[in-house]
Amino acid sequence: MIGAIVLAAGRGERMGMPKALVHDADGSWLQRTVDAVRAGGCDDVVAVLGAGADEAAALIPEVDVVVAQHWQEGMGASLRTGLDACSTRDVDAALITLVDLPDVDARVVARVLTAAATDPRDVLVRATYDGVPGHPVIIGRTHWAAAADVATGDQGARALFVSTPHNLVECGHLATGRDVDTPVDTPQEFDRA
């Protein structure tokens, strides 16, 4: 089984609010991300929160939430927290995605999951969009310690993917995979959820 980790802990300084609290015409980004990983095939979902954690957790009462105690350090602390939470679960791998990818939907998740079907415990998979690496990624359990070791500052597991052979899954025909960091990055109006 492959579980999902939704990374949504950041302050969202350039956005002007925590991205876990962004709400646009299509609803809450956090809820949309949770819905996408579930509909794509991940039943076991952990959301890693930090800034605005109490308010964000209220948006997803049906999801297991963990708070990255050192979320201010960046994505590395969030990834380590998520992997630690998954270590007590009965999952062979973790699909990791970010809350600020509003067009990454269940079709992308399902496509990436198919690349991990043969040996999920030892797999490394990364979505690409027109050849550009992005999220989601899948990290098999045997790689979790190495991923946690390289997850520092605002870097997640990028160094692991640079140094270790992995599968690339092209998803550019399904989404842009573009993360939204500022209000001008998105054509939709958004507000605090």
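That block above? That's the structure.
What counts and how
Counting of residues starts from 1 at the beginning of each chain's written sequence and follows it residue by residue. In keeping with the model being predicted, local features are shown solely for residues with a pLDDT of at least 70 and side-chain atom pairs are shown and tallied solely at 80 or more, while totals for entire chains, interfaces and linings include all residues. Note that water and hydrogens are dropped before the side-chain values are worked out from all heavy atoms of the structure. Think of it this way: any DSSP run of H or I at least four residues long counts as a helix, any run of E at least two long counts as a strand, and we number them from the N terminus. Our radius of gyration looks at C-alpha atoms and nothing else; its globule reference is 2.2 Å times the residue count to the power 0.38. Note on classification: 1.4 Å probe, protein chains only; a residue is buried when its accessible area is under 20% of the maximum for its type, exposed when over 50%, partly exposed between these limits. By the convention used here, residues are in contact when the closest approach between their heavy atoms is within 4.5 Å. Exposure was quantified through the Shrake-Rupley algorithm and a 1.4 Å probe, taking into account, for residues, occlusion by the shown protein chains and nothing else. Here the positive residues are Lys and Arg and the negative ones are Asp and Glu; neither His nor the chain ends is included. To locate a charge, take atom NZ for lysine, CZ for arginine, CG for aspartate or CD for glutamate. Whether two aromatic rings pair depends on their centres lying within 6.5 Å, for rings of Phe, Tyr and Trp, where Trp uses its six-membered ring; planes under 30 degrees apart make the pair stacked, over 60 edge-to-face, and the rest tilted. We call a charge positioned above a ring when the Lys NZ or Arg CZ atom is no farther than 6 Å from the ring centre and deviates by at most 35 degrees from the ring normal. This arc is taken over the directions from the axis of the helix to the C-beta atoms. Nonpolar cores were defined as sets of buried Ala, Val, Leu, Ile, Met, Phe, Trp, Tyr and Cys residues, with membership established by side-chain atoms within 4.5 Å.

Draft legend 1. Spatial organisation of the overall build of the protein. Counting its secondary structure elements, the protein contains six helices and 10 strands. Here the protein has a C-alpha radius of gyration of 15 Å; the compact-globule value for 193 residues is 16 Å, and the two agree. Taking the principal axes of its C-alpha atoms as reference, the protein extends roughly 40 × 35 × 30 Å. Classification of the 193 residues of the protein by burial places 53% in the buried group. A fraction of 71% describes how many contacts in the protein between residues 6 or more apart in sequence connect residues 24 or more apart. Split by element, the accessible area of the protein, about 8,600 Å² in all, is 50% carbon and sulfur. Between the centroid of the 15 positive side chains of the protein and the centroid of its 28 negative side chains there is a distance of 3 Å.

Draft legend 2. Spotlight on the packing of aromatic side chains. Here the structure, examined in full by the defined rule, presents zero aromatic pairs. Here the guanidinium or amino end of Arg 126 rests over the ring plane of Phe 161, the centre of that ring lying 5.5 Å away.

Draft legend 3. Spatial organisation of the side chain of His 135. Assignment of secondary structure puts His 135 in strand 8 (residues 132–140). In this structure His 135 touches Ile 96, Thr 97, Leu 98, Leu 101, Val 104, Ala 127 and Tyr 129, once residues within four positions along its chain are discounted.

Draft legend 4. Seen up close, helix 4 (residues 106–114). Among the residues making up helix 4, those that are buried are Val 108, Val 109, Val 112 and Leu 113. The buried residues of helix 4 occupy one face: seen down the axis, they fall within an arc of 135 degrees. Those residues of helix 4 hidden inside the fold are in contact with strand 1 (2–8), helix 1 (29–40), strand 6 (93–98), strand 7 (124–129), strand 8 and strand 9 (167–170).

Draft legend 5. Here's a closer look at unusual backbone geometry. Cis geometry is found at the peptide bond from His 135 to Pro 136, where omega equals 10 degrees. Take Pro 136: it is sitting in strand 8. Not every positive phi belongs to a glycine, and Asp 130 is a case in point at roughly 55 degrees.

Draft legend 6. Here's a closer look at the nonpolar core. Among the nonpolar cores identified, the biggest contains 66 residues, and Leu 30, Leu 95, Ile 138 and Ile 139 are the most heavily contacted of them. Per-element tally for this core: the top contributor is strand 1, with six residues. Residues in contact with Leu 95, not counting those within four places in the same chain, are Ile 2, Gly 3, Ala 4, Ile 5, Val 37, Cys 42, Val 109, Val 112, Leu 113, Pro 136, Val 137 and Ile 138.

These values are about where atoms sit, not about what they do.
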